[in-house]
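Observations on chain architecture
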Amino acid sequence: MSEVQVHAAGQRPSAAAAREGCGRLLRVRVPADAICWHRFFGALQLALIGLLFLTGVLMALAYTPVPGTAYDSVDYFQFSLPFGDVVRGVHHYAWNLLLVVMALHLLRALVLGAYKAPRQPVWVSGVLFLLVIPLFIITGDLLPWDQKGYWSTQVRFSIIASVPLVGDFLVQLLRGGPLTGIVALTRCYVLHILLLPGVLLLLIGLHMYFLATRGLSGPPAGEAAARPQVPFLPTIANRWLAVFLASAIGLGLAARLWPAPLGDPADPTDSSFIPRPEWWVLALNQLVAIFKGPFMVIGSAIIPGALIFLLAALPFLDRSPERRPSKRRGVLLGAAVVLAAWAVLSVMGYVEHFVQPEP
Ligand code: HEM
């Protein structure tokens, strides 16, 4: 894909080498077919992550991670500071959209067989995003210290606690005591703004490194054919910038029109509050509810863990070089069954939590 060469281990970079590195970056070329609508998902994900970082930093300037003031600081940011509603709204809509786009990006790679050799590490590093992004959402949910975030976190702690051997330890590690209070809030805050962003940046670096060294896939039926090239700078970089600006404007407008939700302040004594699961966990919630008591772990850890493992192992299980979707019916059928099960569970969850009247 590129002419970029990686420095040999131990080689000391000098000013001349740095200049040479910049020169090489300017000469990086990618296949012209990198500019097509279904590759747009990768660029959009980068844009959304950029927006999440930017708006997150702005919100952190006003946020105080203490139960007594966290809610007020978020409320003040959203409703009293100029453009506070836009910044918080963009953050809110960006993570929701990121989940959708990530699923489309994964499906594209799955249908077109882009996970196959030599791109197995690109795929495996991609699967790791599926673990990291939900952790961002879970830790971020507690930060506004409103009823929904507080009680959703309580539900999540009880689900994590159901995992044998490590469950109680993980909850203790996150909560730091028997109650969800200042220690839990501080730990979620540190994870959300420090540790997870570090891990995410590392993952993006890995994903891009593997892409640069293994190359973008060509058309499924004729990968070996010579492909015209275009320069990464400025052709592709400009398109990425355009995607970033368009998403910033689109999400900014959405944030103004439909403000990000902020419920009542958390009341840890009000255990009558039943949080409704968000759209992206409806299926998982149903799965956990199917297996009761000691079997809960099947829905909370065994099935989701097995699915993630199978997904990561896909390039090593499906090793034939064939990439045409019409010749890979087994893999596509398996994926369709998982998708259909996910959709049915989500609809069941939606009906249970949003359509049926409260008892
Ligand atoms: C937020 C997370 C992610 C970001 C920022 C990201 C970014 C990108 C970008 C910019 C590209 C190149 C353009 C393109 O082909 O779309 C790409 C390609 C690719 N990504 Fe991701 N990605 C993410 C998540 C994932 C996930 C979850 C998977 C799969 C499990 C994945 C697997 C792949 C594969 C296989 C390619 C190569 C596609 C090809 O060569 O045709 N990525 N990614």
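Up top you'll find the structure we're talking about.
Everything in this summary refers to the structure shown in the same document.

So, about the site of the ligand. Close to the ligand lie 25 residues, the nearest being Gly 42, Gln 45, Ala 114, Gly 126 and Ser 217. When contributions to the shell around the ligand are tallied by element, the ones reaching two or more residues are helix H2 (40-60), helix H4 (84-111), helix H5 (120-142) and helix H8 (182-214). Residue composition of the shell around the ligand, grouped by class: 17 nonpolar, six polar and two charged.

Quick look at the environment of Tyr 350 now. Within the element layout of this structure, Tyr 350 appears in helix H12 (residues 329-355). Using a count of 17 C-beta atoms within 10 Å as the deciding quantity, one classes Tyr 350 as partly exposed. Sequence separation between Tyr 350 and Arg 276 is 74 residues, and the spatial gap between their C-alpha atoms is 9.3 Å.

What follows covers H8. Each α-helix turn comprises 3.6 residues. Residues three or four places apart therefore point the same way. The end-to-end C-alpha distance of H8, which contains 33 residues, comes to 46 Å, matching closely the 48 Å that a straight helix rising 1.5 Å per residue would cover. Approximately 40° is the largest bend angle found in H8, and it occurs at Leu 191. Within H8, the full set of buried residues consists of Ala 184, Leu 185, Cys 188, Tyr 189, His 192, Ile 193 and His 207. A positive backbone phi angle near 90° is found at Gly 215, which sits one or two residues after H8.

Another aspect to go through is the nonpolar core. Leu 48, Leu 51, Val 90, Ala 94, Trp 145 and Leu 185 are the most contacted members of the largest nonpolar core, which has 36 residues in total. Where this core is concerned, the elements lending two or more residues are H2, helix H3 (67-79), H4, H5, helix H6 (147-161), helix H7 (167-175), H8 and helix H9 (232-257). In contact with Leu 185, not counting residues within four places along its chain, are Pro 65, Pro 67, Ala 70, Leu 142 and Trp 145. Of all hydrophobic cores here, the second largest spans eight residues; its members include Ala 109, Ala 114, Tyr 115 and Trp 123.

Each value, and the rule that gives it
- Residues numbered from 1 in each chain as written.
- Predicted model: local features only at pLDDT ≥ 70, side-chain atom pairs only at ≥ 80, totals over all residues.
- Near = placed C-beta within 6 Å.
- Helix = DSSP H or I, 4+ residues; strand = E, 2+ residues; numbered from the N terminus.
- Nonpolar A, V, L, I, M, F, W, Y, C, P; charged D, E, K, R; others polar.
- Buried ≥ 20, exposed ≤ 12 C-beta atoms within 10 Å, placed from the backbone.
- Expected span 1.5 Å × (residues − 1).
- Bend = angle between axes of the 7 residues up to and from the residue.
- Core = buried A, V, L, I, M, F, W, Y, C linked by C-beta atoms within 7 Å.
- Contact = placed C-beta atoms within 7 Å.

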